[in-house]
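A closer look at the structure
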Amino acid sequence: MGERITITTGDGSFEAYVARPDRSPAPAVVVIQEIFGVNQVMRDITDGLAGQGYLAVCPDLFWRIEPGIDITDQSDAEWKRAFELFNAFDVDAGMKDIQATIDAVRGRPDCTGKVGAVGFCLGGLLAFLTAARTDADASVAYYGVGLENRTGEASKITRPLMLHIAEEDQFVPREAQAAIRQALGGHPQVQIHTYPGRDHAFARMGGAHYHEGDARTAGERSLAFFKANLG
């Protein structure tokens, strides 16, 4: 279903995977990757959003480290490489790339001008920052890693944000979850959903902690949120 486009910034160019819906113009959703690059899981999510009527775009945010990363969560070697990429990743540069992606998508004739974002894992943190730092119309963050260290940016959120938090997340311990809820729980633009018994990446199909029921629930909540805020 998808194709590749090139997005150009002042720092260079990078590719993004794009899936188009049947309707045009359509609202858009930027899909923000996990630590495994624009892999099959991310492409499937992008394709799925297109099937729901959205112009879906998944940018290669690791391009500054190594373009075209496409690995899985199925081997120790790939996990090692994924954490190397995570540790090398420049969050501030990545946020510039997300804004560039939003700008590129919003200017397309097949986009209505409404652009949302959804991110997972590392992308969950970046989706939170997308709500704080960009002009995205609505953002959804799945189990964002390190978000508790960025809650000071909550005051900059002026557009809707939805958070999905796994209560047994091995990368977001209970203390971090409490800090997130304390900082964001009363924010007028923020919705928080928690999932008892779920571990990190409960929505990653094929992953060790995938939970079909809660993944479906989170997905339905996210689609309703995008429908309300993007059309």
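See the structure above.
Below: a short report on this structure. This is a predicted model, so every value here is computed, not measured.

To continue, consider the layout of surface pockets. Reported here for the largest pocket is a volume of approximately 640 Å³. Every residue lining the largest pocket is counted, 20 residues in all, and those nearest its centre are Ile-45, Tyr-142, Ala-203, Ala-215 and Gly-219. Contributions of two or more residues to the lining of the largest pocket are made by helix 1 (40–51), strand 5 (111–120) and helix 6 (212–230). In terms of residues, the lining of the largest pocket owes the most to one element, helix 6, which gives eight residues. Grouping the amino acids of the lining of the largest pocket by side-chain chemistry returns twelve nonpolar, four polar and four charged.

It is worth spelling out the side chain of Thr-130 at this point. Its location among the elements puts Thr-130 in helix 4 (residues 122–133). What makes Thr-130 buried here is its relative accessible area of 0%.

Geometrically, a pair of aromatic rings is defined through the distance of the ring centres and the angle of the planes. All told, the structure shown has eleven aromatic pairs when counted by the stated rule. Arranged with centres 5.1 Å apart and planes meeting at 85 degrees, the rings of Phe-36 and Trp-79 form a pair that is edge-to-face. In this pair, Phe-36 sits in the loop between strand 3 (26–32) and helix 1 while Trp-79 sits in helix 2 (residues 76–88), placing the two residues 43 residues apart along the sequence. By relative accessible area, which is 25% here, Trp-79 ends up partly exposed. Geometrically, the ring pair formed by Tyr-195 and Phe-202 is tilted, given 4.8 Å between the ring centres and 40 degrees between the ring planes. The structure contains a cluster of three or more aromatic residues connected by ring pairs, namely Phe-120, Tyr-142, Tyr-143, Tyr-195 and Phe-202.

Reading guide: rules and limits
- Residues numbered from 1 in each chain as written.
- Predicted model: local features only at pLDDT ≥ 70, side-chain atom pairs only at ≥ 80, totals over all residues.
- Heavy atoms only, no water.
- 1 Å grid on protein atoms, 1.4 Å probe; cavity = no way out; pocket = protein on both sides within 12 Å on 5 of 7 lines; lining within 4 Å.
- Points joined across faces, edges and corners; volume = space filled by probe spheres on them.
- Helix = DSSP H or I, 4+ residues; strand = E, 2+ residues; numbered from the N terminus.
- Nonpolar A, V, L, I, M, F, W, Y, C, P; charged D, E, K, R; others polar.
- Buried < 20%, exposed > 50% of the residue type's maximum accessible area, 1.4 Å probe, protein only.
- Phe/Tyr/Trp six-rings, centres within 6.5 Å; stacked < 30°, edge-to-face > 60°.

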